[in-house]
Amino acid sequence: MKLRKILFMLVLVLTLSIGLVSCGNKDKDDDNNQNQQQPEVFEPVAIETIATTYTNNQAVQAEGIVYGVTANGFYLSDSADGHLFVVIGDAFKKDVAVGDKVQVTGKFSYAKNLIQINAVSKYEKVGTGTAAVAKAESTIPAVNALSNSDKRVFGKVVTLTGTLSLDATNMYALTDLEGNRIFFDNNSDIEVLAQYANKRVTLNAVVYKYLSSDAVWTLSYVGGSSEIVESPLTFDVVKEKALEHLNAVVAKNVYGALELPSVHSVLANITYSWAVE
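Residues numbered from 1 in each chain as written. Predicted model: local features only at pLDDT ≥ 70, side-chain atom pairs only at ≥ 80, totals over all residues. Heavy atoms only, no water.

### Describing the overall build of the chain
Here is step 1 of the chain: Helix and strand counts for the chain stand at 5 helices and 12 strands.
Here is step 2 of the chain: Here the chain, with 277 residues, has 35% of them falling under the buried criterion.
Here is step 3 of the chain: Of all intrachain contacts in the chain linking residues separated by at least 6 positions in sequence, the fraction that spans at least 24 positions is 59%. (Helix = DSSP H or I, 4+ residues; strand = E, 2+ residues; numbered from the N terminus. Buried < 20%, exposed > 50% of the residue type's maximum accessible area, 1.4 Å probe, protein only. Contact = heavy atoms within 4.5 Å.)

Printed below as a string of C-alpha cells:
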C-alpha cells in the first residue's frame, strides 16, 4: 500500500513538473512571436528640422520625394525649405527615381561643409509624388555668395546660364560672360554635361557643397539632356567679347614671333582662326 502511494505521488510530481515546463516554454514562445511580429516603428522628422537642428552622427529617419539622383545617392525633399542629400555610396544601384516617395533610416552628417544623411541602414520606396522644392533663377556670383551657415541652402535648386567646359582637373564648370565660374561635382550626370561641352546653356542645378578654401560652392547636375537649353550669344555680343579679349592679349607692337590665341580665355565657345594675306 505504501509503495503504491509513493509511486502515485512520484507520477503526480512528474506530471506537474512537465506541465510547468511546457507552460514556461509556451510563454517564452509567445513572447518571441510577439517580438518578431512587432513592426519597426518609423517616425520621420521634418527634413528642415533635421538640417537645421540635428548634430553630427545623430540617428535620423526622414521621408520625402526624390528630386534628383546622382551616381552615389539622391536628393530628398518634404517641403520648400526641407531638402538634403542622401548618400548611399559606391553600392548605390540607382533604384530610386525622381518622383519616388522614399523613407530613409540613417545618420545625420555635417562634415567638410556638406550636409547629408549617411550610414544609411535602410531606404524604401513607399509611393510617388511631386517634390515641393522650388527652382530659383540666379547668377554664379549670387550662388557663391550664399551663406554656408544657412543649412537650408544645401540642396537648393538654382537656374543658371553660362558656358559649359571641361577644365584641366577634369571637372565640368559653368562660366558666365564676366568670367565667374562654378564647378559641378563629379557624381553629377557627367555624360549629359559632356553633350553640351563648350556651349552656352541654361540649366537647373542643385547647390551641393561649400568649398571654404575658395569661398565658392559646387553644384550637382541631376537632370536629363532635355532639361538643358542652349542659349547661344548673339553675334553682336560675340564680336564685343572677342574684341575685348584680343585687345587685351594681342601685342600692339611685335618684335619677334607673333602668338595668336585660338580660343577665348573665358568663353570656350568663342574660337579664332587666322589667315595670312
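### Side note on the environment of Phe 184
Here is step 1 of the chain: Tracing the chain through its elements places Phe 184 in strand β9 (residues 181–184).
Here is step 2 of the chain: You can call Phe 184 buried: its relative accessible area is 0%.
Here is step 3 of the chain: Separated by 23 residues in the primary sequence, Phe 184 and Val 207 have C-alpha atoms spaced 9.5 Å apart.

### Here we look at the pairing of β9
Here is step 1 of the chain: Only one face of β9 is covered, namely the face carrying Ile 182 and Phe 184; the face carrying Arg 181 and Phe 183 is uncovered.
Here is step 2 of the chain: Examined bridge by bridge, strand β8 (residues 172–175) and β9 share 3 bridges and lie antiparallel to one another. Within β9, the residue paired with Ala 173 across the bridge is Phe 183.
Here is step 3 of the chain: Following β8, the chain reverses through 5 residues before pairing antiparallel with β9; Gly 179 in that reversal takes a positive phi of roughly 90 degrees.
Here is step 4 of the chain: Relative to strand β11 (residues 216–220), β9 runs parallel, the two being bridged by 2 bridges. Note that in β11 the partner of Phe 184 across the bridge is Leu 219. (Pairing = 2+ DSSP bridges.)

### Details of unusual backbone geometry
Here is step 1 of the chain: Residues other than glycine seldom take positive phi values, yet Lys 112 does so here, at roughly 55 degrees.
Here is step 2 of the chain: One can find Lys 112 in the loop between β4 (100–111) and β5 (114–128).

### Thoughts on the confidence of the model for the chain
Here is step 1 of the chain: The share of residues in the chain with pLDDT of 70 or more is 86%, and the mean pLDDT across the chain is 86.
Here is step 2 of the chain: Low pLDDT, under 50, characterises residues 10–23; the predicted model gives this stretch 0 contacts beyond four residues in sequence or across chains. (pLDDT = per-residue confidence, 0-100.)

### Here's the deal with the pairing of β8
Here is step 1 of the chain: Along β8, one buried face is formed by Tyr 172 and Leu 174 and the opposite face, lined by Ala 173 and Thr 175, is buried too.
Here is step 2 of the chain: Bridge analysis of strand β7 (residues 157–166) against β8 gives 4 bridges, and the strand direction is antiparallel. Bridging from a neighbouring strand, Leu 166 pairs with Tyr 172 of β8.
Here is step 3 of the chain: Connecting the antiparallel pair β7 and β8 is a turn made up of 5 residues, with Asn 170 showing a positive phi of about 65 degrees.

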